[in-house]
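# Results of the structural survey
Chain residues, written in single-letter form:
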Amino acid sequence: MTDKIILAGNPNVGKTTLFNRLTGLRHHTGNWAGKTVGSAIGYMDFQGRKTMIVDTPGTYSLKPSSADEEAARDSICYENCDAIIIVCDGCCLERGLYLALQISERRSNTVLCVNLMDEAEKKGIHIDFTMLSEELGFPALALSASTGAGVDELVELIERNSYESSIYKKPAKSSMELKALSGEICAKVISGNSAERKVGTADYLLSHKIFAWPIMLLLLLAILWLSIKGANYPSLLLSKLFSFLGTHFHAFLIYIKMPQMLCSALVDGIYGTTAWVVSVMLPPMAIFFPLFTLLEDLGLLPRIAFNMDGVFKKCGSCGRQALCMCMGLGCNAVGVTGCRIISGHKERLLSILTNSFMPCNGRFPTLFLLAALLFPDSGSLGSSLFVMTLLMLSVILTFISSLLLSLIFPKETAATFSLELPPYRKPRICETLMRSLLDRTLHVLIRAIKAAAPAGLVIWLFANININGSNILSYLQGTLEPLGTFFGLDGAILLGFILGLPANEIVLPIVLMCYLSGTSLAEIPSVSEILVVFSKMGWTPLTIICTAVFTLFHWPCATTLSTIKKESGKLSYALAAAALPTAWGLLICLVIRLLWN
Amino acid sequence: MSSAIKLSDLPIGVDAVICSLPEDENCASRLTELGFFPGARISRLFNAVFGDPCAYSVQNAVIALRRSETERITVNTL
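Residues numbered from 1 in each chain as written. Chains lettered and ligands numbered in written order. Predicted model: local features only at pLDDT ≥ 70, side-chain atom pairs only at ≥ 80, totals over all residues. Heavy atoms only, no water.

Per the secondary structure count, chain B includes 2 helices and 6 strands. Secondary structure elements in chain B, listed N-terminal to C-terminal, are β-β-α-β-β-β-α-β. Computed over the C-alpha atoms, the radius of gyration of chain B is 11 Å, within 12% of the 12 Å expected from 2.2 N^0.38 for a compact globule of 78 residues. Each principal axis of the C-alpha atoms in chain B carries an extent, and together these give about 30 × 30 × 20 Å. Surface accessibility of chain B: about 3100 Å² in total, with carbon and sulfur atoms responsible for 51%. (Helix = DSSP H or I, 4+ residues; strand = E, 2+ residues; numbered from the N terminus. Rg over C-alpha atoms; globule rule 2.2 N^0.38 Å. Areas by Shrake-Rupley, 256 points an atom, 1.4 Å probe, with all protein chains shown as cover.)

Attention shifts here to a nonpolar patch on the surface. All names here are of chain A. On the surface, Trp 225, Leu 226, Leu 381 and Leu 385 cluster together into a nonpolar patch covering about 350 Å² of accessible area. Among the elements of the structure, α9 (212-255) and α16 (379-408) are those that each provide at least two residues to the nonpolar patch. Topologically, Leu 226 is positioned in helix α9. Classification of Leu 226 by relative accessible area gives partly exposed; the value is 39%. (Patch = residues over 30% accessible without salt bridge, like charges linked within 9 Å, V, L, I, M, F, W, Y side chains within 5 Å. Salt bridge = Lys/Arg side-chain N within 4 Å of Asp/Glu carboxyl O. Buried < 20%, exposed > 50% of the residue type's maximum accessible area, 1.4 Å probe, protein only.)

With 43 residues of chain A at the contact, the number on the chain B side is 31 residues. Taking both partners together, chain A and chain B bury about 3300 Å²; carbon and sulfur atoms supply 55% of that area. Counting across the interface, chain A meets chain B through 2 salt bridges. As a salt-bridge pair, Glu 69 of chain A and Arg 30 of chain B come within 3.3 Å of each other at their nearest N and O atoms. At the surface where chain A touches chain B, the tally comes to 13 residue pairs in polar contact (both at pLDDT 80 or more). Listed by contribution, the elements that provide at least two residues to the side of chain A that touches chain B are α3 (93-106), α7 (175-189), α8 (201-206), α9, α11 (300-314) and β10 (418-420) of chain A. In terms of residue class, the side of chain A that touches chain B is built from 19 nonpolar, 11 polar and 13 charged. Where β10 of chain A and strand β5 (residues 61-65) of chain B come together, 3 bridges link them in antiparallel fashion. Paired with Leu 419 of chain A across the strands is Ala 64 of chain B, a residue of β5 of chain B. (Contact = heavy atoms within 4.5 Å. Buried area = accessible area lost by both parts, 1.4 Å probe. Polar contact = N/O pair within 3.5 Å; in protein donor to acceptor, adjacent residues only side chain to side chain. Nonpolar A, V, L, I, M, F, W, Y, C, P; charged D, E, K, R; others polar. Pairing = 2+ DSSP bridges.)

Now for the pattern of salt bridges. When the charged atoms of two side chains lie near each other, side chains of opposite charge can form a pair. Using the criterion set out here, one finds 15 salt bridges over all chains in the structure. A salt bridge links Glu 33 of chain B to Arg 30 of chain B, with the nearest nitrogen and oxygen atoms 3.1 Å apart. Pair noted here: Glu 33 of chain B and Arg 30 of chain B are both in helix α1 (residues 25-34), with a separation of 3 residues, about one helical turn. Both residues of the pair, Glu 33 of chain B and Arg 30 of chain B, belong to the buried class. Members of the salt-bridge network, linked through shared partners, are Glu 69 of chain A together with Arg 30 and Glu 33 of chain B.

Relative to the elements of secondary structure, Ser 351 of chain A occurs in helix α14 (residues 345-354). For Ser 351 of chain A, a relative accessible area of 1% gives the class buried.

Here we come to unusual backbone geometry. A cis amide bond links Asp 52 of chain B to the next residue, Pro 53 of chain B, at an omega of 0°. In this fold, Pro 53 of chain B is placed in the loop between β3 (41-47) and β4 (54-58).

On to the confidence of the model for chain A. Of the residues in chain A, 93% have a pLDDT of 70 or more, and the chain-wide mean is 86. Predicted confidence is poor over residues 29-33 of chain A, with pLDDT under 50, and the contacts of this stretch with residues over four places away or in other chains come to 18 contacts. (pLDDT = per-residue confidence, 0-100.)

Residue and element names in this part refer to chain A. For α3, spanning 14 residues, the distance from its first C-alpha to its last is 20 Å, which sits close to the expected 20 Å at 1.5 Å a residue. The buried fraction of α3 amounts to 12 of the 14 residues, a majority that puts the element mostly inside the structure. The set of residues buried in α3 consists of Leu 93, Arg 95, Gly 96, Leu 97, Tyr 98, Leu 99, Ala 100, Leu 101, Gln 102, Ile 103, Ser 104 and Glu 105. (Expected span 1.5 Å × (residues − 1).)

Residues and elements named next belong to chain A. Ranked by size, the top nonpolar core spans 130 residues in total, and within it Leu 224, Phe 288, Phe 364 and Phe 534 carry the most contacts. With 14 residues, the top contributor of residues to this core is helix α10 (residues 260-298). Discounting residues that sit within four places of it in the chain, Leu 224 has contacts with Phe 288, Phe 364, Phe 368, Ser 384, Val 387, Met 388 and Leu 391. Counting 34 residues, the second largest nonpolar core, distinct from the first, contains Ile 6, Cys 88, Val 114 and Cys 186. (Core = buried A, V, L, I, M, F, W, Y, C linked by side-chain atoms within 4.5 Å.)

Sheet architecture is open: 7 strands sit in the order β10(A)-β5(B)-β4(B)-β3(B)-β2(B)-β6(B)-β1(B), paired in antiparallel fashion. Edge positions in the sheet fall to β10 of chain A together with β1 (4-6) of chain B, since each of these pairs with one other strand and no more. The sheet shows a mean angle of 40° between the axes of neighbouring strands, direction not considered. Bridge analysis of strand β2 (residues 15-20) of chain B against β3 of chain B gives 3 bridges, and the strand direction is antiparallel. By the bridge assignment, Ala 16 of chain B is partnered in β3 of chain B with Ile 42 of chain B. (Axes fitted to C-alpha atoms, helices over the stretch in contact; angles between N-to-C directions.)

See below:
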């Protein structure tokens, strides 16, 4: 009978944990960095019936103060559904009840789930659920989504549809009245010690004037190092696997007498490029992201946003931008959408325009590879330090650009800034790692098929269609050569970036195809082989550094640009978002080249 | 005897009760939703690395606010 359920509640109460529990792996979220910013949809199977579950962004009330809260409000108030599950934190019941009472004034089919009851019990908080249900007029359940306690009861309750759904009989109240009512109800149903949160060592260290930065930087360095070191062997394995499969694929095509040209297009163009992208992009991201997600689950990201708010404020933005920048590390389009969590209009715009300074999934592995080329002997430590320096550069330039842009845009009164710092929670390590690993693998594979495969075909065509004696690829490369060298790059690299507009993953494959014109990528070269190819083509450490800088600062990919247009509402902002990083990239490359000589 | 002081002047570790909120309607309702309302217990926990914003404990949650907001909230120390 029940078809669609909406999950609502304050931020950080465990809605998404509950969502994951109910839907298993049968969902698609574009939500990273611990923040739901748009509706996520998943499906739950119970006794043969399929139910749609909608996870909404967290909100403190139905009066929204940012775009993501607005999205939540719209879902909660206007979307047709069979039941609304309001999730709240057992340790912060009063605040959660405020929202629950607001929602129940407007919708009739509500259930309250008091989550994190395991934490509440540890603090000695005891809640009388029978009385709570009576006071509210709708069912209230105890839950611990992370351990699973209470989830079965919840599912049964929903599926049996056995709760008395009723319109909350009292007339709509003012916010002060609702606040008072939630206080009254809590006083009646809560007993036991409700001690306020104490400051632990972790919070003390992470806000310490001296220790905070070294700790955060060390953590970042550690993750980078693990990603680079850990990715080497899987990358090698994957490329061996793909070479093996590629040889057999080729043999098969010859066996079925496919024409040579078509064969080459399939194997060298499509298969070669896709295989290269997967074996280079997947392993480092499959390590970096699960580790990063672990840190997020611990609760570190809000602390970073908290610490950096001071700097962001001086640059015309706010600390929440740090969260958007972290989302941008996964995918800039997601980071741009994530800017919905920022309240002020101007602050949100600044964040959108500078988000692509953070290297996304498609660019990170390129940076790792370039770092390995620059430091072939010093192992992973040199490479990770190099990448970390690049990330610092990205962050610094984000600040400078925000500052400059905020001078151009008209002054606005700063919006109210607030940030909740949830308690540090021990993450469910295995589950988090597995989930993140699967998400990441899927993401890379889908990108490889959607972007790398067609791009591979197009590059192959360019490399094999001859006009006036040379192929299109060489022709374009030659045309761009003077411009490229002016900025410390070369024609192939510049061409790679230009043709890489659809997806940053294909930039290096394009560069390699230019250099190896004739031979293909089906034989995927190892790092040392790439180094040989590049130095034959005249690459110097200068070239590596400039390429790395330009990888960070050039126009965003097509998906990101269209997302920027959608989120900001204007094409001119998308164009500005393309021009800004490019201008920086060209400027810095030029300065480096001039200083080098 | 306790007197009303600005929340931004509340020392770390001292318990207080909120006395009044800013006059701005939007700001006041936002703060109320978060748990800052007249009569609520509050204490200052720690500052960010650069001194602002500060983390406050209110209704069993930790919420960070900037000085520009906390200057406009008054509290009574206990």
